[in-house]
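Residue strings, one per chain:
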Amino acid sequence: MFGRRKDVVYKVLATKKRAVALQALSAELETPMPAVLKTVKQLESDGLVEVFYGQNKASIMVRAKTIEDFI
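The structure presented is a predicted model; accordingly, all values stated were derived computationally and were not measured. (Residues numbered from 1 in each chain as written. Predicted model: local features only at pLDDT ≥ 70, side-chain atom pairs only at ≥ 80, totals over all residues. Heavy atoms only, no water.)

Novice: Go over the side chain of Lys6 with me, naming the residues and quoting the values.
Specialist: Looking at the element boundaries, Lys6 is found in helix α1 (residues 2–16). Looking at Lys6, the relative accessible area reads 18%, which means it is buried. If near-sequence neighbours (up to four positions away) are discounted, Lys6 is found in contact with Thr39, Gln42, Leu43 and Asp46. (Helix = DSSP H or I, 4+ residues; strand = E, 2+ residues; numbered from the N terminus. Buried < 20%, exposed > 50% of the residue type's maximum accessible area, 1.4 Å probe, protein only. Contact = heavy atoms within 4.5 Å.)

See the structure below:
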């Protein structure tokens, strides 16, 4: 199940082609933020997403790495 969730989160991020707030991503996926954050952290360790932390802890932005990032 976790692998499918990773695929869904990555596909949503990749279609946006820009950074998205973790809170907005959680709302769009209708999934609690702790579950989305856990999935995003796994994707980050796989090298598929970038996570940006803002000035305050509530500001977490996520962006999918795409093939253009590696060319």
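Structure shown, so let's carry the discussion forward.
Novice: Please give an account of the side chain of Ser26 that cites residues and values.
Specialist: Tracing the backbone through its elements, the reader meets Ser26 in helix α2 (residues 22–29). Each residue touching Ser26, except ones within four places of it in the same chain, is listed here: Thr31, Pro32, Met33 and Val36.

Novice: Outline the pairing of strand β3 (residues 60–64), listing residues and values.
Specialist: The alternating pattern of β3 places Ile60, Val62 and Ala64 on a buried face, while none of Met61 and Arg63, on the opposite face, is buried. Across 2 bridges, strand β1 (residues 20–21) lies against β3 in antiparallel orientation. Looking at the pairing, Val20 lines up with Val62 of β3. Here 5 bridges tie strand β2 (residues 49–53) to β3, and the two strands are oriented antiparallel to one another. (Pairing = 2+ DSSP bridges.)

Novice: Could you give an account of the sheet that holds β2, naming the residues involved and the relevant values?
Specialist: The strand order across the open sheet built from 3 strands is β1-β3-β2, with neighbouring strands paired in antiparallel fashion. Every interior strand has two partners, whereas the edge strands, β1 and β2, have only one. Helix α3 (residues 33–45) contacts β2 and β3 of the sheet and is inclined by roughly 120° relative to β2. (Axes fitted to C-alpha atoms, helices over the stretch in contact; angles between N-to-C directions.)

Novice: Go over the environment of Val36, please, and point to the residues and values.
Specialist: As for its position among the elements, Val36 is in helix α3. In the structure, Val36 is positioned 11 residues away from Leu25 in sequence and 7.9 Å away in space, judged by C-alpha atoms.

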